[in-house]
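The chain contents come next:
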Amino acid sequence: MSNKKVIAVAGATGAQGGGAARAILADPESGFTVRALTRDPESPAARELAALGAEVVRADFGDESTVHKAFEGAYGAFLVTNFWAHGSAAQEFAEIEVLARAAAATGLRHVVWSTLEDTRVLLPLEDSRMPVLQEKYNVPHFDIKGEGNELFSQAGVPTTFLNTTFYFQGFLQGLGPQRGEDGVLALNLPLEDGKLLAGVDVADIGRTAFAILKGGESFIGQTVGLAGDHLTGAQYAAKFETALGEPVRFQAVPYDYFRTLDMPVAAELGNMFQYYGDFDREFTGARDLTRVREINPALKSFDAWLAENASKFEVN
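Residues numbered from 1 in each chain as written. Predicted model: local features only at pLDDT ≥ 70, side-chain atom pairs only at ≥ 80, totals over all residues. Heavy atoms only, no water.

Asks: Go over the overall build of the protein chain, please, and point to the residues and values.
Replies: Scanning the protein chain for helices and strands turns up twelve helices and 13 strands. The dimensions of the protein chain, computed from C-alpha atoms along their principal axes, are 65 × 45 × 35 Å. For the protein chain, with 316 residues in total, the buried portion stands at 53%. For the protein chain, contacts bridging at least 24 residues in sequence account for 76% of all contacts bridging at least 6. Total accessible area on the protein chain stands at roughly 13,800 Å², and carbon and sulfur atoms take up 49% of it. Distance between charge centres in the protein chain, computed from 27 positive and 42 negative side chains, equals 5 Å. (Helix = DSSP H or I, 4+ residues; strand = E, 2+ residues; numbered from the N terminus. Buried < 20%, exposed > 50% of the residue type's maximum accessible area, 1.4 Å probe, protein only. Contact = heavy atoms within 4.5 Å. Areas by Shrake-Rupley, 256 points an atom, 1.4 Å probe, with all protein chains shown as cover. Lys, Arg positive; Asp, Glu negative; His and termini not counted. Charge placed at Lys NZ, Arg CZ, Asp CG, Glu CD.)

Right, here's the structure in full:
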């Protein structure tokens, strides 16, 4: 029987959880093994993890008994919820409640919780600079995770709070350079000139969580701010220009205009980018690149990520 410590990985077939699971499985000398939590253990992604050596179990955040069972006997966990699966802050909070209760009830000894700041700390809802969403949030997928932090603390769960940020992968999902009517590529972002945007390779979230788990109890109770780079819109555009081999200009899109775009998450993303911009000193400043690279020396810069992904951009 293996004496390795079991790490329960939530969302193991997703981007963040998949990064954590693969990082653990790729390091057989770490003393850890993976219990991959998924709603569908028969999915291709789940079968792939099983082939790599993970124990794959069914867990549905809407069915607390399955989560409790999935945590039983585990040493620790990497926990993440997916707002974008449903778009409801209320549902996400209910899921966080389930995770915190199950983690406490099963006696997990170290949880790394993938979270974000509650924007209402710096931007009260009474501030009129952006619309209030879902009745009581500025940026629901930020605010509800930040609000959920207290659930782990109140339950006495030994937790490291891993504050994430914008994914570099967002550039491959509609935010990358687009060719304008004049034939020139433009990086159109709702970000003011000169403002910093902290970004990270989504897989580095899970990899950094694994490094924190290996680091042990010294990380319990700490908040770790994560980013792979801090760049302005113009700096991102310049790096795209080098990678794609043709001029790329940065075009700042007004926040109010972006919120009117015909896409379901326009208001949410517009508010998110405005928070990045209005509070770049506080948000970006909380993500110390030197410290996080001490934790995870292999953390990818934007240059490194772009070198691996430039061929995926269709700009014809």
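Asks: Summarise the packing of helix α1 (residues 15–25) against helix α6 (residues 202–215); cite the residues concerned and give the values.
Replies: In contact at an axis separation of 7 Å, α1 and α6 are set at 50 degrees when each is read in the N-to-C sense. In this view, α1 runs oblique relative to α6, as classed from their interaxial angle. With respect to the hand of their crossing, α1 and α6 are arranged in right-handed fashion. Contacts from A15, Q16, G19, A20, A23 and I24 in α1 reach V202, A203, I205, G206, R207 and F210 in α6. Residue classes in the contact of α1 with α6 are distributed as eight nonpolar, three polar and one charged. (Axes fitted to C-alpha atoms, helices over the stretch in contact; angles between N-to-C directions. Parallel < 35°, antiparallel > 145°, perpendicular 65-115°, else oblique. Left-handed = near helix turned anticlockwise from the far one by under 90°. Nonpolar A, V, L, I, M, F, W, Y, C, P; charged D, E, K, R; others polar.)

Asks: Pulling in residues and values, what's your account of the side chain of D280?
Replies: Position of D280 relative to the elements: it lies in helix α10 (residues 280–285). Apart from residues lying up to four places away in sequence, D280 is in contact with K195, L196, Y275 and G285.

Asks: Quick rundown of the pattern of salt bridges? Include the residues and the values.
Replies: Under the definition given, this model contains 21 salt bridges. We note a salt bridge from D201 to K300, for which the minimum N-O separation is 3.5 Å. Placement of the pair is D201 in the loop between β10 (196–200) and α6 and K300 in the loop between α11 (289–295) and α12 (302–309), with a sequence separation of 99 residues. Exposure remark for D201: the relative accessible area of 4% places this residue in the buried category. On the basis of relative accessibility, which here comes to 17%, the residue K300 falls in the buried class. Several salt bridges converge on common partners, so that one network encompasses D201, D204, R207, K300 and E308. (Salt bridge = Lys/Arg side-chain N within 4 Å of Asp/Glu carboxyl O.)

Asks: I'd like a rundown of α6, residues and numbers included.
Replies: The end-to-end C-alpha separation of α6 is 21 Å, in line with the 20 Å expected for 14 residues at 1.5 Å each. Of all 14 residues in α6, eleven are buried; the element is thus mostly enclosed. Among the residues of α6, those classed as buried are V202, A203, D204, I205, G206, T208, A209, F210, A211, I212 and L213. Just downstream of α6 lies G216, where phi reads positive at about 85 degrees. (Expected span 1.5 Å × (residues − 1).)

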